[in-house]
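Survey of secondary and tertiary structure
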Amino acid sequence: MIPREAVQRIAAALGEEAVEEHPARELDGLAVAATLRPADGEAVARALEAVGACGLAAVVKGGGNRLGIGNLPNREALFLATERLSGVDEFEPAEGVCHARAGTRLAAADAIVRPHGWEIPFDAPGETATVGGVIAAAAVGPRAHGHGRPRDLVLGLEVALASGQRTHCGGRVVKNVTGYDLNKLYTGSFGSLGVIEGAWLRLRPLPERTAVFEASASRLEGVGARGLAAARRATARAVAIAVSVRGAECDVRFAIELAGDAPSVERDAAWIEEHCDARAAEAGAVDRMRALQGRDAEAFGLRFRIDALSSRLEPVLAQLCGRCTSVLVYPGLGLLFADLRLDRADAGQVDSAFRFAARSARAGGGSFVCESAPAWAKQGRDVFGAAASALPLIESLKQRFDPGRILNPGRFAGGI
Amino acid sequence: MDPARQSSTERWREILERSLDCVHCGLCLPTCPTYRETGREISSPRGRIYLLRGVAEGRIPLAAAVAEEAYLCLGCRACETACPSGVRFGSMLELSRAEVEVAQLRSGWARRLEGWALRSLVPHRRRLRLLFDLLAAVQRLRLDRLARPLLPRRLRELHALLPPIPPKRDRRPPPEIVPARGERRGRVGLLTGCIAAEAFGHVNRATLRVLARNGFEVVVPRDQGCCGALHAHGGDPETASELARRNVAAFGRADVEAIVVNSAGCGAAMREANAWIGSEAEAFAAKVRDVSEFLDAAGLQPPGGRFEARVCYDDPCHLVHGQGVAEAPRNLLRQIPGLKLEPHDDPAGCCGAAGIYNLTHREMSNAVLDRKLRALAAADPDVIATGNPGCLMQLRAGAARFKLRARVVHPIELLDAAYGPDA
Amino acid sequence: MSGLIEALASVVGQDGCLSRPEELLVYECDALTLHAAKPTAVVFPRSTDDVVRIVEACRRFGTPFVPRGAGTGLSGGATANEGAVVVECSRMNRILELNAEDRYAVVEPGVVNADLSKAALPSGLFYAPDPSSQLACTIGGNVAENSGGPHTLKYGATTNHVLALELVLPSGAVVQLGSATGWTVGYDWVGAVVGSEGTLGIVTQATLRLEPIPEGVETLLGIFADVVAACRTVSGIIQSGLVPAALEVIDRRTIAAVEASVYAAGLPLDAGAVLIVELDGPAPALPAQVERVRGIAAREGATRVEVARDDAERQRFWRARKGAFGAMGRMAPDLYVHDAVVPRARLPEVIEKVCAIGDRYGLKLSNVFHAGDGNLHPNISFDRRDSDELERVIAAGAEILETCVEAGGVISGEHGIGSEKRDYMGLLFSEADLDAMKRLRTVFDPDGVCNPGKIFPTTRFCVESNPRARGYDRVPLES
């Protein structure tokens, strides 16, 4: 329960319309009873100051798709929603860059640049996904293979720090080494260092031609290799493989999207049809696969994201299929999303599942994040796995950017 | 300005002027053998230029470290090939060595032996011949092998470099005029060299045969001598100039269209003779051509025979960097039926011979040589071809040490073999 | 001080520690000769462990240290301010792993950029960032400066190719950051360290992404009556959705300098500018792309467009671009290579302003630039012994930077801030912006001992020229 006077104080700073008290919404076991909706960057800064002054904390909320990624909050918090920070406020078609405010939905931003031959190169699942949210979560979808990842697409950011200081880093230009590249640090920081107000993005030109293919298989052997071979075609923009495991059986579906100039796409299409035993599919095939990535894990389920070296995809996939109900693979990106079902609310089973995920990640030469789990299963655990030798650095950075621990409290790697 | 007649002040002024060409970009670093071995800026061309500029501007004294670097440099001039702003480091180096000599900053046995050899031995054909007679006798009687364990280390190493000395009859000077064969295409002179004339007489004879086969009448002036390169590189511009003048006169009298040289080091020096002794050498310097460049430009008569071998061509520094000749020898070798030219990883890097560097800086020389030999070992050719006597000796010694099966020869010998025996 | 040198020598041996005045003199600057500072010593580690012990020794004696690669940097990033010890990584130059299947290489910092591509060639791969100094510069330096190059346009800069790093912190601790898979859990430390100009620690190992060598390449040379038309063509190409591998513009003054030098490439002296367009990628794509570029160039008034018929001709096109630096270098004893970025649509007007600034100060200024990225390189030939000219060079440089920032640009695209531009940081960043950067700095280097005096502005200058950034003295970092 948030003290009355705190709400009043914040409302005084932001305006009544920017503060909504509502029935408690659960966030990983924490009841969040109010949402702040600052109208602009200045208001974000004032909100943070006020939240800090009241001894409260804030969880930044964009589209709300990835709020479930994180450790258990360790203190009372409000939502700080970016939805009023919305719109593409600068766009120069001759430069291939745009500036979007943090709460701009990807679809809305895309609608602005697309008529000029560009697209917003973010592909995270979730209809409500916002520019700020995708950057804060470094969220990718299958098309990150062709588009690149948020870290490579963010040119500049405006960020309000926990102290209420408003800052910017990077810029609007596509090449920049002026000062430290704080863009990289904020991207994927899950709102633990500051609140992203807006971003300069590098856009991608719309492809002249796209082509989508589907394929299926009933055996795991060769699946990873086939997916990787497809992903390594010059025009491959997205390759996704969904594996459903039913006992000893499995059902494997591929979706492959090519994008580029017409002759190259046609050539690669012929190759895909021949070598991947694939047939042409409707345009939404990759999006349907991506929806699997976005869907919440079942009530008694855990979802792990595991990254692996290309050469080890196949054995890691085989290992995961021995225990998981379904696995989604983006071979070109080296990512696997594995769903595990628990029989009951048993911490021992969760321990075992985390150990299994760690083992699989090790086998792949990578790491894991538990992207979805019931709150009880997160108890006493770090869903980001162990970030090893960098943990003291994580702790130290948090201390310097957010000494009052008011941003996404306790939820980021290392429980900071 | 003739370096031999320059005062110290003038030399430093010239060093400073030349150092200003350097924009300090660092592109020379990876091409420099001593930088590649040490990673030290001071042992790189850019560092040495900066150092010399520092002395020239009076920021630091001409101290031991400067002298060490002046002589640690192999003088390979790979930096000149790499330099975008056209720094001519080779001549800066010669000026700085002359200054190091003036300041008497070098000492020790190497300095004394070198000084004696360069002044009292190399320029004098008769004394050289006597020395080689003696060495040949020693080798024939295998005294060298018997004595080897008793020799001090330095002399043992020197011995390892020494090629088999040909018998006296093979060290006879070639005829003064060799007529052209077939259609006459011109009249050229040939530099036979000092030590090369004794130790590489067969290369000179092969050169004469190949030139004749290609329709050139060749004049071998009797009164020619050492080109003076070693002296110039060794900080003795006086002797270098004297020797250059002797050759300018000898070849001037010979009335030739070109002065053909089969030793890259000599060729590079002779092409710059005008820089030492001024305009009197201009016509002479303009006529100097490496034998490969000369034949390639003239158009090679296709060899009739075959030479079945996989050959690695290795660029002598003073051909590729000193004279900018890289393609000509390769072009010639490619025209030999049966010969397959194999690339290797380090063709334009120095082999570490660098005149007498392999005697004065044994360790660095070996390190530099090893890098090249690793590249050659990886390519595993039947034959290694390189057009400079010092490199031939160094690569032979190295190939033996690395137990490579390849023979090391001058490219002209391969051409000569491909033409077959004289009809 | 001799205590420190003894301690360093005990780590790396006498041969690995330089301290004679002559030896130190040559380390007083990198490729930016205007900023010079003599180090206390120069050490040559051969392993991560050596670096740790060097750092510990420096800490014991309270001496700062600066990592250095080949010293080809153009912003004074490797200058040893405050008597720092230079940690020279040239002897840590092994390629430790080259994994063709997973397309990455693990290298030590002293590996030369071009050598990595050479080693990857037999596997059909290459290392994409190609700074003009790539034959000499090292990976460690590239990581520090986030180096770019002509092909950054398509392939990205160093930061887009570094997967993981081993870093020795100023405390002497060794941390492994990132992963060969390219994914990180927690903060993107690799992204923060790349481009930090050696101020966060010493990189002792880097895992780098390798790219497949493109199937085909086409190079075009467009001749234009003026630089504006060339820039409009660049904008047209970008807007058309083409992503060329490189888009390079050479202006009239540079053409004149190049054609008068040994790099003469046969460019028409009456041309106002030439544009090099390199297209690469799948072979079937190229013919149509070449035609599209031709079309755009013609529309914008190109007087001629040539397409390289073979590799030799491609080399000829590039010769002018690559020789520009040297050609300008031959015009005077010193060469100042500027580096700034503007939004690429603003190139024409900014170039005109830059030339006008050069003229106003009576300087020999010319432009070659990575037009596709909006990355300008105004080159000024001068003689530093002429103190009046030197002053004009500095003043013109400041005006150029201001002009670029006014156009929405930034003050460095690939050379870094280093010693050179730290006092101009206030043009772009507020006190709070710089403070955020300092927070990062203090995580790694709370005492400011790693490459001191770089990136962050000094008080004196800020107060004089930019009241917004007042109070930003370099020390103490920890607030």
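Per chain, residue numbering runs from 1 following the sequence as it is written. Naming scheme: in the order in which they are written, chains are lettered from A and ligands are numbered from 1. This being a predicted model, a pLDDT of at least 70 is required before a residue's local features are given, and a value of 80 or more before pairs of side-chain atoms are given or counted; all residues contribute to the totals for chains, interfaces and linings. Note that water and hydrogens are dropped before the side-chain values are worked out from all heavy atoms of the structure.

Considering the overall build of chain A
Across its full length, chain A carries 14 helices and 19 strands. This radius of gyration counts C-alpha atoms alone. The globule rule is 2.2 Å times how many residues there are, raised to the power 0.38. What you see for chain A is a C-alpha radius of gyration of 22 Å, in line with the 22 Å of a compact globule of 416 residues. The principal-axis extent of the C-alpha atoms belonging to chain A is close to 65 × 55 × 40 Å. Summary of the burial criterion: residues with accessible area below 20% of their type's maximum are buried, those above 50% are exposed, and those between are partly exposed, where the area comes from a 1.4 Å probe applied to protein chains only. Every one of the 416 residues in chain A was classed for burial, and the buried ones make up 62%. Pairs at least 24 residues apart make up 70% of the contacts formed inside chain A by residues separated by at least 6 positions. A positive count includes Lys and Arg, and a negative count includes Asp and Glu. His and the chain ends are not counted in either. Where a charge sits is defined by one atom per residue type, namely NZ (Lys), CZ (Arg), CG (Asp) or CD (Glu). Computed over 49 positive and 50 negative side-chain charges, the inter-centroid distance for chain A is 4 Å. Runs of H or I in DSSP of at least four residues are treated as helices and runs of E of at least two as strands, each being numbered from the N terminus. Only heavy atoms enter the contact rule, under which two residues are in contact if any of them lie within 4.5 Å.

Quick word on the overall build of chain C
Counting its secondary structure elements, chain C contains 15 helices and 19 strands. Compactness check: chain C gives a C-alpha radius of gyration of 22 Å against a globular reference of 23 Å for 479 residues, within 12% of the reference. Overall, the C-alpha framework of chain C stretches about 65 × 55 × 40 Å when taken along its three principal axes. Going through the 479 residues of chain C one by one, you find that 69% of them count as buried. A fraction of 72% describes how many contacts in chain C between residues 6 or more apart in sequence connect residues 24 or more apart. Distance between charge centres in chain C, computed from 45 positive and 62 negative side chains, equals 2 Å.

As for the domain arrangement of chain A
Interface size is commonly expressed as the accessible surface area that is lost when the partners come together. All names here are of chain A. In this entry, domain limits derive from an automatic or database-based domain assignment. Each assigned domain of chain A is listed here: domain 1 (4-83 + 402-415), domain 2 (88-205) and domain 3 (209-378). Domain 1 and domain 3 are separated by 34 Å when their C-alpha centres are compared. Taken together, the contact between domain 1 and domain 3 spans 8 residues of the former and 5 residues of the latter. The term buried area refers to how much accessible surface (probe radius 1.4 Å) is lost by two components on association, counted for both of them together. Contact between domain 1 and domain 3 buries roughly 480 Å² in total, counting both sides, with carbon and sulfur atoms accounting for 53%. Salt bridge criterion: a side-chain nitrogen from Lys or Arg within 4 Å of a carboxyl oxygen from Asp or Glu. Summed over the shared surface of domain 1 and domain 3, the number is 1 salt bridge. Taken together, the residues that form the side of domain 1 that touches domain 3 break down as 2 nonpolar, 3 polar and 3 charged. The nonpolar class holds Ala, Val, Leu, Ile, Met, Phe, Trp, Tyr, Cys and Pro. Asp, Glu, Lys and Arg form the charged class, and all remaining residues, Gly among them, are polar.

Details of the pairing of strand β2 (residues 186-191) of chain B
Residue and element names in this part refer to chain B. Here β2 lies mainly inside the structure; 5 of its 6 residues are buried. Being paired, for any two strands, means DSSP has found at least two bridges between them. Judged from the 4 bridges that link them, β2 and strand β3 (residues 216-219) form a sheet pairing that is parallel. If you follow G186 over to β3, its bridge partner there is F216. Across 4 bridges, β2 lies against strand β4 (residues 258-261) in parallel orientation. Following the sheet pairing, V188 is matched in β4 by A258.

So, helix α13 (residues 387-406) of chain C
All names here are of chain C. Between its terminal C-alpha atoms α13 stretches 29 Å, which fits the 28 Å expected from 20 residues at 1.5 Å a residue. Among the residues making up α13, those that are buried are E389, V393, A396, G397, A398, I400, L401, T403, C404 and V405. For α13, the secondary structure elements touched by its buried residues are β16 (334-337), β17 (340-341), α12 (347-360), β18 (364-370) and β19 (375-382). Backbone geometry just downstream of α13 places G408 in the positive-phi region, at approximately 95°. In this scheme, a helix's expected span is set at 1.5 Å multiplied by one less than its residue total.

With respect to the pairing of strand β3 (residues 65-68) of chain C
Within a regular strand, side chains alternate between the sheet's two faces. All names here are of chain C. The alternating pattern of β3 places F65 and P67 and V66 and R68 on opposite faces, both of which are buried. Note: β3 against strand β4 (residues 85-88), 4 bridges, orientation parallel. Pairing of F65 across the sheet is with V85, part of β4.

Regarding the interface of chain C and chain A
With 82 residues of chain C in contact, the opposing surface of chain A contributes 73 residues. Between chain C and chain A, the buried area comes to about 6100 Å², and carbon and sulfur atoms account for 58% of it. Of all residues in chain C, the largest losses of buried area upon contact with chain A belong to C:W183, C:V185 and C:Y187, amounting jointly to 16% of the total for that side. The interface formed by chain C and chain A contains 4 salt bridges. A:R267 is paired through a salt bridge with C:E215; the nearest N and O atoms lie 2.7 Å apart.

Things to note about the sheet that holds strand β6 (residues 97-101) of chain A
All names here are of chain A. Strand order in the open sheet formed by 5 strands is β5-β6-β10-β8-β9, and the pairing between neighbours is antiparallel. Among the strands making up the open sheet, the edge pair consists of β5 (88-92) and β9 (166-170). Neighbour-to-neighbour, the strand axes of the sheet open up by a mean angle of 15°, direction not taken into account. Note that β6 and strand β10 (residues 194-202) share 5 bridges and pair antiparallel. By the bridge assignment for β10, H99 is matched with W200. Each axis is a line fitted through C-alpha atoms, taken for helices only over the stretch in contact, and angles between the N-to-C directions span 0 to 180 degrees.

Here we look at the sheet that holds strand β15 (residues 279-280) of chain A
As a general point, the strands of a sheet are linked pairwise by backbone hydrogen bonds and lie either parallel or antiparallel. Residue and element names in this part refer to chain A. The 8 strands are arranged β15-β12-β14-β13-β17-β18-β16-β19 in an open sheet whose pairing can be described as antiparallel. Strands at the two margins of the open sheet, each flanked by one partner only, are β15 and β19 (368-372). In this sheet, β19 lies alongside strand β16 (residues 301-307) in antiparallel orientation, the contact comprising 4 bridges. Bridging from a neighbouring strand, R303 pairs with S372 of β19. Relative to strand β14 (residues 249-260), helix α10 (residues 285-294) is tilted by about 125°, and along the sheet it contacts β12 (209-217), β13 (236-246), β14, β16, β17 (326-330) and β18 (335-341).

Focus on the side chain of B:E342
On the secondary structure map, B:E342 appears in strand β7 (residues 339-342). Apart from residues no more than four positions distant in its own chain, B:E342 is found in contact with B:R310, B:V311, B:C312 and B:Y313.

With respect to the environment of A:A236
Residue and element names in this part refer to chain A. Structurally, A236 is set in strand β13. Residues A236 and E274 lie 38 residues apart in sequence; the distance between their C-alpha atoms is 15 Å. Non-local contacts of A236, meaning those with residues more than four positions away in its chain, are made with H145, G146, A230, A231, E257 and L258.

Observations regarding the domain arrangement of chain C
Residues and elements named next belong to chain C. On domain assignment, one finds that chain C holds domain 1 (2-91), domain 2 (95-212), domain 3 (216-406) and domain 4 (427-469). Centre-to-centre separation of domain 1 and domain 4, based on C-alpha positions: 23 Å. At the junction of the two partners, domain 1 supplies 10 residues and domain 4 supplies 7 residues. Across the interface of domain 1 and domain 4, roughly 710 Å² is buried in total on both sides, 51% from carbon and sulfur atoms. Sorting the residues of domain 1 by area buried against domain 4 places R59, F65 and N81 first, and these three jointly supply 54% of that buried surface. Counting across the interface, domain 1 meets domain 4 through 1 salt bridge. Among the ionic pairs, D447 bridges to R59, the shortest N-O distance being 2.5 Å.

Looking at the packing of aromatic side chains
Stacked, tilted and edge-to-face pairs are distinguished by plane angle, under 30 degrees for stacked and over 60 for edge-to-face with tilted covering the rest, among Phe, Tyr and Trp rings (Trp via its six-membered ring) whose centres lie within 6.5 Å. Taken as a whole, this structure holds 15 aromatic pairs over all chains when the rule is applied. With a centroid separation of 5.7 Å and an interplanar angle of 75°, the aromatic rings of A:Y180 and C:F456 are classed as edge-to-face. Taken together, the residues A:Y180 in the loop between β9 and α7 (182-186) and C:F456 in the loop between α14 (431-444) and α15 (459-465) connect one chain to another. Seen in terms of ring centroids, A:F190 and A:F384 are 5.8 Å apart; in terms of plane orientation they differ by 70°. Their pairing is edge-to-face. Here A:F190, found in the loop between α7 and β10, pairs with A:F384, found in the loop between α13 (375-378) and α14 (391-401); they are 194 residues apart in sequence, far enough to count as distant.

Brief notes about the environment of C:S90
Tracing the backbone shows C:S90 in the loop between β4 and β5 (95-99). Placed 74 residues apart in sequence, C:S90 and C:G16 show a C-alpha to C-alpha distance of 11 Å. Filtering out sequence-adjacent residues up to four positions away, C:S90 remains in contact with B:Y35, B:G39, C:F44 and C:G110. A polar contact is formed between the side chain of C:S90 and the backbone oxygen of B:G39, at a distance of 3.0 Å. For the purposes of these results, a polar contact is taken to be a pair of N or O atoms within 3.5 Å, where, inside protein, one atom must be able to donate a hydrogen and its partner to accept one; residues adjacent in sequence count only when each atom of the pair is a side-chain atom.

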